[in-house]
Protein chains: 2
Amino acid sequence: MTLPKNPSPDVGKLAKELRSGHRAALARAITLIESRRSDHQAAARDLVQALLSDTGKAVRVGITGSPGVGKSTTIDALGMFLIERGHKVAVLAVDPSSARTGGSILGDKTRMARVANSDSAFVRPSPSSGTLGGVAAKTREAMLLCEAAGFDVVLVETVGIGQSETAVCDMTDFFLALMLPGAGDELQGIKKGLVELADMIAINKADGDNVKRANLAAADYRSALHILSPRSEHWHPPVVTYSALTGTGMDTLWQKILDHRTAMNASGEFAARRREQQVKWMWSMLEQRMMARLRSDATIRAKVKKTEAEVADGRITPAVAAEQIAEWLR
Amino acid sequence: MTLPKNPSPDVGKLAKELRSGHRAALARAITLIESRRSDHQAAARDLVQALLSDTGKAVRVGITGSPGVGKSTTIDALGMFLIERGHKVAVLAVDPSSARTGGSILGDKTRMARVANSDSAFVRPSPSSGTLGGVAAKTREAMLLCEAAGFDVVLVETVGIGQSETAVCDMTDFFLALMLPGAGDELQGIKKGLVELADMIAINKADGDNVKRANLAAADYRSALHILSPRSEHWHPPVVTYSALTGTGMDTLWQKILDHRTAMNASGEFAARRREQQVKWMWSMLEQRMMARLRSDATIRAKVKKTEAEVADGRITPAVAAEQIAEWLR
């Protein structure tokens, strides 16, 4: 394909500033990406394309966990651990709008106060509206911009509602599931879908009186994971314990992420996963683009809603309905 | 929406014959559904639409298991168990073409000899070509035709390669995963994706010397499933043992399927799942339809392939690529 010959001057300037690590430029670029204006969207496409060769170098870690698990404090502790070792850390999020009525965790930067105030970190809340696919696509492009701006670790968090975990897994190299030791003897159930995605389970709050409980929980999760076939024969998801409060276990947690990277690089799965992810994003963006008219045209939207109800009620078949919607989109 | 006012006479006649339980008509109707000719496809849409009110009454069971687990003998044993109790049983399959080089299990009807020769059963191999989405959509419509023809139990098997298990789960009420007791102490790993889908795990070959081993395996699977959050609070997937060879455990196996139905009906999840499935099929068929041109037009296909490679190599962004493909489809 041919690249646009004359990217608008703004894009060229923005790309240059961003590449030099200019934080305000990075923030502005992400705002451009999140804009719904079609000229902004075109400029954003040019910008990401122009920066593409500067992307891909970060360790991309997806982090999920139910509310209350201590996700923000964990990201704060892990982020500071990394910054102290010379890393530049970007923190992004994919929160489907519907899940954010309780207030975005990332929006509340006070909960990750140290990282949020560090010059070596960049914290950006989730794009605030749109379909999950749209929100996730924007976060993925924000991640690329952070890489181009020199951030070498990107942490992408999600509250794990609906398909957002899959979306985050599809944009990261390593997917980390945070859990709590059970209250009393009760183990916290692992959501089924999560078992398929997680590259590691980490049990928080392994401090003070909780250490023993955390270790017991870890043993239980370990034996349960044992009978599941691993996604890769080169990586059996470990179960570790840590404390975001005291920082205990942060070193092991990070080392496992690096071990995974080493193993995946050795087997060739690292490059393969990145390639697959990129192609998958292409199809996902095409689908979003093609479905956009169904959402933006009020008349079509109403007709589709009615058709959906008729299909749900068993009055028309999915095939007849699909044929009809395709006609409206013609 | 308005239904086609003049369905072709063939469709009307076929629908009538099929509704009266005419086996040859059922076979012919499924062939019509599987045809790639566009006039046949239009007729097939009319046919399924015409029969829609006669569908939905069967117990729809998806069955998966790795090769060697005894899927065909299990279906034969379960099928005969049901036929002896007055049921009419249809057996269908979703096998992605790529998985069928070793010969379709269903194609080899001798492996389910009793069911294949029973007047109360109808056995149909998987549609033999097309994308997984296409194959699955055809099997789903074949299932509706079987229901209209009076079959009150539909068993849909899959070899479980790739996404075929999800597709079968999306067209059935109950998803059954067949396993073997381990050889020696080794438990057979459960594929991670399967854990999310399975409504029951059934361990075959619990006969002769194997009974103890099967029970031990069942206990292990049970404790592993225990720490996973169930999909429904009204159904915790049980683990049972049975023998397709001796017929031991067939009654429990079927009773669990009925128990699940009772529980799901009581909670309202049964109707909700069917409604969701129907809407999901509509979107899936729309997507297939819109993507069809990418596959059927050789020039576009070649360009898409090249673009995919460029995206995989990191030379162009998914957003730019999606924009370009959308232009070609315009």
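Residues numbered from 1 in each chain as written. Chains lettered and ligands numbered in written order. Predicted model: local features only at pLDDT ≥ 70, side-chain atom pairs only at ≥ 80, totals over all residues. Heavy atoms only, no water.

Student: If you had to explain the overall build of chain A to someone new, which residues and values would you point to?
Tutor: The helix and strand inventory of chain A stands at 13 helices and 9 strands. Rg of the C-alpha trace for chain A: 21 Å, near the compact-globule value of 20 Å for 330 residues, within the 12% margin. Taking the principal axes of the C-alpha coordinates as reference, chain A spans close to 60 × 55 × 40 Å. Expressed as a percentage of the 330 residues in chain A, the buried residues total 55%. When contacts within chain A are restricted to residue pairs at least 6 apart in sequence, long-range pairs at least 24 apart make up 76% of them. (Helix = DSSP H or I, 4+ residues; strand = E, 2+ residues; numbered from the N terminus. Rg over C-alpha atoms; globule rule 2.2 N^0.38 Å. Buried < 20%, exposed > 50% of the residue type's maximum accessible area, 1.4 Å probe, protein only. Contact = heavy atoms within 4.5 Å.)

Student: An account of the pairing of strand 7 (residues 200-203) of chain A is requested, with residue identities and associated values reported.
Tutor: Within a regular beta strand, the side chains point alternately toward one face of the sheet and then the other, so they alternate between its two faces. Residue and element names in this part refer to chain A. Judged by which residues are buried, strand 7 turns out to be covered on both faces: M200 and A202 on one side and I201 and I203 on the other are all buried. With 4 bridges joining them, strand 5 (residues 174-179) and strand 7 adopt parallel strand pairing. Bridge pairing in strand 7 places L176 opposite M200. Relative to strand 9 (residues 239-241), strand 7 is paired through 3 bridges, and the arrangement is parallel. Each bridged residue has a counterpart across the sheet, and for A202 the counterpart in strand 9 is V240. (Pairing = 2+ DSSP bridges.)

Student: Pulling in residues and values, what's your account of the relation of the copies chain B and chain A?
Tutor: Its rotation angle being 180°, the transformation that places chain B on chain A also includes 0.0 Å of axial translation and leaves an RMSD of 0.0 Å. On this basis, the relationship between the two copies can be described by a two-fold rotation axis. Taking C-alpha positions as reference, the residue of chain B nearest the rotation axis is B:A224, located at 2.2 Å. (Least-squares fit on C-alpha atoms with pLDDT ≥ 70 in both.)

Student: Tell me about the nonpolar core, residues and numbers included.
Tutor: Inside soluble globular proteins, nonpolar side chains tend to come together where they are buried. If you look at the biggest cluster of nonpolar residues, it comprises 154 residues, and the most contacted ones within it are A:L145 and B:L145. Apart from residues no more than four positions distant in its own chain, A:L145 is found in contact with A:L18, A:L26, A:A29, A:I30, A:I33, A:L47, A:V48 and A:L51. The next biggest cluster of nonpolar side chains, apart from the first, holds 36 residues, and it includes A:M80, A:I83, A:M112 and A:A121. (Core = buried A, V, L, I, M, F, W, Y, C linked by side-chain atoms within 4.5 Å.)

Student: Outline the domain arrangement of chain A, listing residues and values.
Tutor: Residues and elements named next belong to chain A. For chain A, the domain assignment lists domain 1 (7-53), domain 2 (55-267) and domain 3 (281-329). Just the C-alpha atoms count here: the centres of domain 1 and domain 2 sit 27 Å apart. Counting residues at the interface gives 18 residues for domain 1, matched by 19 residues for domain 2. Both faces combined, the contact of domain 1 with domain 2 buries some 1600 Å², and carbon together with sulfur accounts for 59% of it. Our count for the contact surface shared by domain 1 and domain 2 stands at 1 salt bridge. Taking the shortest distance from any N to any O, the salt bridge between E34 and R124 comes out at 3.3 Å. (Domains from an automatic or database assignment. Buried area = accessible area lost by both parts, 1.4 Å probe. Salt bridge = Lys/Arg side-chain N within 4 Å of Asp/Glu carboxyl O.)

Student: Hey, could you go over the sheet that holds strand 1 (residues 59-64) of chain B for me, with residue numbers and the actual values?
Tutor: All names here are of chain B. Here 7 strands make up an open sheet; going across it, the order is 3-2-4-1-5-7-9 and the pairing parallel. One side of each edge strand has no neighbouring strand; the edge strands of this open sheet are strand 3 (121-123) and strand 9 (239-241). Sheet twist, expressed as the mean angle between neighbouring strand axes with direction ignored, is 25°. Its contacts with the sheet place helix 4 (residues 71-84) against strand 1, strand 2 (89-94), strand 3, strand 4 (153-158) and strand 5 (174-179), and it is angled at close to 175° to strand 4. (Axes fitted to C-alpha atoms, helices over the stretch in contact; angles between N-to-C directions.)

Student: Mind laying out the packing of helix 2 (residues 23-34) of chain B against helix 3 (residues 38-51) of chain B, listing which residues take part and the relevant values?
Tutor: Residues and elements named next belong to chain B. Axis separation between helix 2 and helix 3 bottoms out at 8 Å; the angle between their running directions is 130°. Taken together, the axes of helix 2 and helix 3 are oblique relative to one another. As for the relative orientation of helix 2 and helix 3, their crossing is left-handed in sense. Contact residues: A29, L32 and I33 in helix 2; H40, A43, A44, L47 and V48 in helix 3. Partitioned by chemical class, the residues of the contact of helix 2 with helix 3 number 7 nonpolar, 1 polar and no charged. (Parallel < 35°, antiparallel > 145°, perpendicular 65-115°, else oblique. Left-handed = near helix turned anticlockwise from the far one by under 90°. Nonpolar A, V, L, I, M, F, W, Y, C, P; charged D, E, K, R; others polar.)

Student: Let's hear about the interface of chain B and chain A: which residues, and what values?
Tutor: Taken together, the 62 residues of chain B in the interface contact 62 residues of chain A. Here chain B meets chain A over a buried area of about 5700 Å², counting both sides, of which 67% is carbon and sulfur. If you look at where chain B meets chain A, you find 6 salt bridges. B:R289 serves as the salt-bridge partner of A:E323, at 2.8 Å between the closest nitrogen and oxygen. Our count for the chain B to chain A interface comes out at 16 residue pairs in polar contact (both at pLDDT 80 or more). It is helix 11 (residues 269-296) of chain B that contributes the most residues to the side of chain B that touches chain A, 13 residues altogether. Of the residues assigned to the side of chain B that touches chain A, the class counts are 34 nonpolar, 10 polar and 18 charged. (Polar contact = N/O pair within 3.5 Å; in protein donor to acceptor, adjacent residues only side chain to side chain.)

Student: With reference to specific residues and values, describe the side chain of A:T139.
Tutor: Checked against the element boundaries, A:T139 lands in helix 6 (residues 132-148). Residues within four places of A:T139 in sequence aside, it is in contact with A:L92, A:A93, A:V94, A:P127, A:V156 and A:M171.

Student: Account for the pattern of salt bridges, with residues named and values stated.
Tutor: Residue and element names in this part refer to chain B. The full count for this structure, using the stated rule, is 35 salt bridges over all chains. Across the pair D173 and R274 runs a salt bridge, and its minimum N-O distance is 2.8 Å. Here D173, found in the loop between helix 7 (164-169) and strand 5, pairs with R274, found in helix 11; they are 101 residues apart in sequence, far enough to count as distant. One exposure class covers both D173 and R274, and it is buried.

Student: Explain the state of the cysteines to me, and be specific about the residues and the numbers.
Tutor: Structurally, a disulfide amounts to a covalent bond that connects the sulfur atoms of two cysteines. All names here are of chain A. Following the criterion strictly, the structure yields 0 disulfides over all chains and no others. Here C146 stays free of any disulfide, with the sulfur of C169 as its closest cysteine sulfur at 19 Å. Classification of C146 as buried rests on a relative accessible area of 0%. (Disulfide = S-S within 2.5 Å.)

Student: Pulling in residues and values, what's your account of the packing of helix 11 (residues 269-296) of chain A against helix 12 (residues 298-312) of chain B?
Tutor: Where helix 11 of chain A contacts helix 12 of chain B, the two axes come as close as 8 Å, and the packing angle between them is 130°. One element, helix 11 of chain A, and the other, helix 12 of chain B, form an angle in the oblique class. For the pair helix 11 of chain A and helix 12 of chain B, the sense of crossing is right-handed. On helix 12 of chain B, the residues touching A:R275, A:Q278, A:V279, A:M282 and A:W283 of helix 11 of chain A are B:V304, B:T307, B:E308, B:V311 and B:A312. When grouped by side-chain class, the residues that make up the contact of helix 11 of chain A with helix 12 of chain B number 6 nonpolar, 2 polar and 2 charged.

Student: Which residues make up the packing of aromatic side chains, and what are the values?
Tutor: Residue and element names in this part refer to chain A. Tallying each qualifying case throughout the model produces 4 aromatic pairs over all chains. Taken together, a centroid distance of 6.1 Å and an interplanar angle of 50° make the contact between F122 and F151 tilted. In this pair, F122 is assigned in strand 3 (residues 121-123) and F151 in the loop between helix 6 and strand 4 (153-158), connecting sequence segments 29 residues apart. No difference in accessibility class separates F122 from F151, as the two residues are buried. Aromatic pair F174 and W235: ring centres 6.4 Å apart, planes at 70°, arrangement edge-to-face. Of this pair, F174 sits in strand 5 while W235 sits in the loop between strand 8 (228-229) and strand 9; the two residues are 61 residues apart in sequence, bridging distant segments of the chain. Residue placement shows R85 over the ring face of F81; its charged tip is 3.6 Å from the ring centre. (Phe/Tyr/Trp six-rings, centres within 6.5 Å; stacked < 30°, edge-to-face > 60°. Lys NZ or Arg CZ within 6 Å of the ring centre and 35° of its normal.)

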